[in-house]
Amino acid sequence: MAGKRDYGQFCGLAAGLNIIGERWTLLLVRELLVSALRFNELLDNLPGIGPNLLAERLRTLGEHGLVEQLPVPGDGRAKLYRLTDRGQQLRGPVLGLARWGMQFLSADDRDGGEIRAEWGIIAVQAMVDGDRVPDTDETYEFRVGEEVFAVSVTGGAARFLPGQSESAVAVVVSSDPDTFIQIGAGMVSPFDALAAGQIKLEGQPEAIRRCTRLLGLT
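Given the structure is predicted, the values throughout are model-derived calculations rather than measurements.

Cut-offs and rules
- Residues numbered from 1 in each chain as written.
- Predicted model: local features only at pLDDT ≥ 70, side-chain atom pairs only at ≥ 80, totals over all residues.
- Heavy atoms only, no water.
- Helix = DSSP H or I, 4+ residues; strand = E, 2+ residues; numbered from the N terminus.
- Rg over C-alpha atoms; globule rule 2.2 N^0.38 Å.
- Buried < 20%, exposed > 50% of the residue type's maximum accessible area, 1.4 Å probe, protein only.
- Contact = heavy atoms within 4.5 Å.
- Areas by Shrake-Rupley, 256 points an atom, 1.4 Å probe, with all protein chains shown as cover.
- Axes fitted to C-alpha atoms, helices over the stretch in contact; angles between N-to-C directions.
- Parallel < 35°, antiparallel > 145°, perpendicular 65-115°, else oblique.
- Left-handed = near helix turned anticlockwise from the far one by under 90°.
- Nonpolar A, V, L, I, M, F, W, Y, C, P; charged D, E, K, R; others polar.
- Pairing = 2+ DSSP bridges.

Let's shift gears to the overall build of the protein. A count of helices and strands for the protein gives 11 helices and eight strands. Taken against the 2.2 N^0.38 rule, which gives 17 Å for 218 residues, the C-alpha radius of gyration of the protein at 19 Å falls within 12% of a compact globule. In terms of overall dimensions, the protein has a C-alpha envelope of 60 × 40 × 35 Å along the principal axes. Buried positions account for 39% of the 218 residues belonging to the protein. Across the protein, contacts joining residues at least 24 apart in sequence account for 59% of those joining residues at least 6 apart. Surface summary for the protein: the accessible area is close to 12200 Å², and the carbon and sulfur share equals 51%.

This is the structure we're talking about:
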């Protein structure tokens, strides 16, 4: 591990930053929290990182047991990168940091920055308030641009499920990623977004109230 960053401190935060504190690393983790991806897909999703730096960051995460490589069926040369169980433990910290960081987003960031549907999914997950999880077991489906995922509430806990839900859904929320991120950043109120047709809610009123409360919108 010669040449790697090491703060030389007997502290959990310093030990964690030794691994994920380098530029691009947390954004790489963000992408893999949405889904497993090939190397070229990661390059496309992270414009500016460069193939050599991406390979180095993946190698570091792999050395610490946070990322694993899987074969791609039908393609003997390609590899699929996926977070391990240890890597998935970063979901809470990353979503918490995303939730905290949304307060600093500005109109300039929106006008001059790239927006991807996958980041809208991260925004929704970051908005989930763990103190407002409903007592009712039900599933909410989110359609953010062309991406679909679900939030399943069971036993007072919320889980994130990629793709369309295999069980019945109580609420379907549809919008574009830009709107979801603006709502999470407080740049647009959910009521204004509804009135403008930028977001659509389908479901019974009580279920919609539980869903919007879970997202901290009421």
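After that view of the structure, there is still more to cover.
We now examine the packing of helix α2 (residues 25–34) against helix α6 (residues 91–101). When two helices pack together, their arrangement is given by the angle between their axes and by how far apart the axes lie. Remark: α2 packs on α6, axes separated minimally by 11 Å, with the N-to-C direction vectors making an angle of 110 degrees. Here α6 runs roughly perpendicular to α2, going by the angle between their axes. Considering only the axes of α2 and α6, their crossing is left-handed. Side by side, α2 and α6 meet where L26, V29 and L33 of the first sit next to R91, V94 and L97 of the second. Its residues assigned to classes, the contact of α2 with α6 shows five nonpolar, no polar and one charged.

This part is about the sheet that holds strand β1 (residues 37–38). Spatial ordering of the open sheet is given by β1-β3-β2, a layout of three strands whose pairing is antiparallel. Two strands in the sheet have a free side with no partner beyond their single neighbour: β1 and β2 (67–72). Relative to strand β3 (residues 75–83), β2 runs antiparallel, the two being bridged by six bridges. The residue of β3 that forms the bridge with E68 is R82. The strands touched by α2 within the sheet are β1, β2 and β3, with β3 carrying the most contacts at an inclination of about 100 degrees.

Where strand β4 (residues 138–144) and strand β5 (residues 147–154) come together, seven bridges link them in antiparallel fashion. If you follow V144 over to β5, its bridge partner there is E147. Between β4 and the antiparallel strand that follows it, β5, lie two residues; G145 among them carries a positive phi value of about 60 degrees. One ladder, built from six bridges, connects β5 with strand β6 (residues 157–162); its direction is antiparallel. Looking at β6, one finds that V151 is bridged to F160.

Any functional reading would require information that these geometric values do not contain.
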